[in-house]
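Spelled out from the first residue to the last, the chains are:
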Amino acid sequence: MLRLRHDTPAEWLDCVNANLGAFLQDHASNERKVATSALTLATHYPFRDELVGAMIELAREELEHFHQVWELLRGMGMSLALDAPDPYMKPIMKLARRRDHEHYLMDRLLLFGMVEARGCERFRMLSEGLKDPQLREFYAELTRCEARHHGLFVRLAKTYFDPADVVSRLDELLDAEAEVSRGLAVRPALH
């Protein structure tokens, strides 16, 4: 399990409880984006069988989550929202080293793992603090999924790269993720 170095402030949960519809719209968008990113990884690295298989399964699961969140929105009489810029993801993805394909792949795997870990942390908060008991249970299940997902990305990085190098780079990225997270305004969004 990844240990994030900055905890989401408790005010975030209050913000989500006060703006649940907006949060669910953002959550749906993020589930769709993760599914797309997983398929993109699979197509960018077609000869890495373990990666391809894992990303296809991840995309399937994330699309199911997208569908579930869409159904929640429909039950509230709401629809999906247009994608908005994500003030968390933009600086996070800029951390990826692009000097060669190998460093870029390692960083993409580790960055996606960190993003999943942040989602896991926040879903856990929702499972414990949302007002609606059915939503608390829904987010408890998603917490378990996100825990598997962030572990998957780190495991894949260690499959394709020297584990000591992965641990060292992950240490650097976790520090950078904490700085990004500290600088974000509290808003009803997954990130």
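Definitions and cut-offs
- Residues numbered from 1 in each chain as written.
- Predicted model: local features only at pLDDT ≥ 70, side-chain atom pairs only at ≥ 80, totals over all residues.
- Heavy atoms only, no water.
- Helix = DSSP H or I, 4+ residues; strand = E, 2+ residues; numbered from the N terminus.
- Buried < 20%, exposed > 50% of the residue type's maximum accessible area, 1.4 Å probe, protein only.
- Contact = heavy atoms within 4.5 Å.
- Areas by Shrake-Rupley, 256 points an atom, 1.4 Å probe, with all protein chains shown as cover.
- Lys, Arg positive; Asp, Glu negative; His and termini not counted.
- Charge placed at Lys NZ, Arg CZ, Asp CG, Glu CD.
- Core = buried A, V, L, I, M, F, W, Y, C linked by side-chain atoms within 4.5 Å.
- Salt bridge = Lys/Arg side-chain N within 4 Å of Asp/Glu carboxyl O.
- Polar contact = N/O pair within 3.5 Å; in protein donor to acceptor, adjacent residues only side chain to side chain.
- Expected span 1.5 Å × (residues − 1).

Chemist: Which parts of the structure should I look at to understand the overall build of the protein?
Modeler: Counting its secondary structure elements, the protein contains 7 helices and 0 strands. When the elements of the protein are put in sequence order from the N terminus, they spell out α-α-α-α-α-α-α. Burial statistics for the protein: of 191 residues in total, 48% are counted as buried. Of all intrachain contacts in the protein linking residues separated by at least 6 positions in sequence, the fraction that spans at least 24 positions is 80%. Approximately 9,500 Å² of the protein is accessible, and the part contributed by carbon and sulfur atoms is 56%. Averaging the positions of the 25 positive and the 31 negative side-chain charges in the protein gives two centres separated by 3 Å.

Chemist: Got a minute to help me understand the nonpolar core in this structure?
Modeler: In summary, soluble globular proteins display a tendency toward joint burial of nonpolar side chains. Counting residues in hydrophobic clusters, the biggest one holds 38 residues, and the most contacted among them are Leu41, Met55, Leu109 and Leu110. Elements represented by at least two residues in this core include exactly α2 (20–44), α3 (49–75), α4 (89–93), α5 (101–129), α6 (133–160) and α7 (163–182). Setting aside chain neighbours within four positions, we find methionine 55 in contact with Ala38, Leu41, Ala42, Leu152, Phe153 and Leu156. Counting residues in hydrophobic clusters, the runner-up holds 18 residues, among them Trp12, Leu24, Met125 and Leu126.

Chemist: In this structure, what is going on with the pattern of salt bridges? I would like to understand it.
Modeler: Close approach of charged atoms allows side chains with opposite charge to pair. Summed over all chains, the structure comprises 18 salt bridges. Between aspartate 107 and arginine 97 there is a salt bridge whose closest N-O contact spans 2.8 Å. Of this pair, aspartate 107 sits in helix α5 while arginine 97 sits in the loop between α4 and α5, and the two are 10 residues apart along the sequence. Each of the two residues, aspartate 107 as well as arginine 97, counts as buried.

Chemist: Help me understand the side chain of arginine 48, please; the structure alone is not making it clear to me.
Modeler: You can see arginine 48 is positioned in the loop between α2 and α3. For arginine 48, a relative accessible area of 19% corresponds to the buried category. Here the side chain of arginine 48 touches glutamate 102 through a polar contact of 2.7 Å, side chain to side chain. Once residues lying within four places of it in the same chain are set aside, the contact partners of arginine 48 are Glu102, Leu105 and Tyr160.

Chemist: Is there a simple way to think about α5 in this case?
Modeler: One full turn of an α-helix is made of 3.6 residues, so residues set three or four places apart face in the same direction. For α5, with 29 residues, the first-to-last C-alpha span of 42 Å sits near the 42 Å given by 1.5 Å per residue. Burial analysis of α5 places 23 of its 29 residues in the buried class, which makes it a mostly covered element. One side-chain oxygen of the residue at the start of α5 lies 3.0 Å from the amide nitrogen of glutamate 102, identifying that residue as aspartate 100.

Chemist: What exactly am I supposed to notice about the environment of methionine 106 here?
Modeler: By secondary structure assignment, the location of methionine 106 is in helix α5. Excluding residues within four positions of it along the chain, methionine 106 makes contact with Arg97, Phe161, Asp165, Val166 and Arg169.

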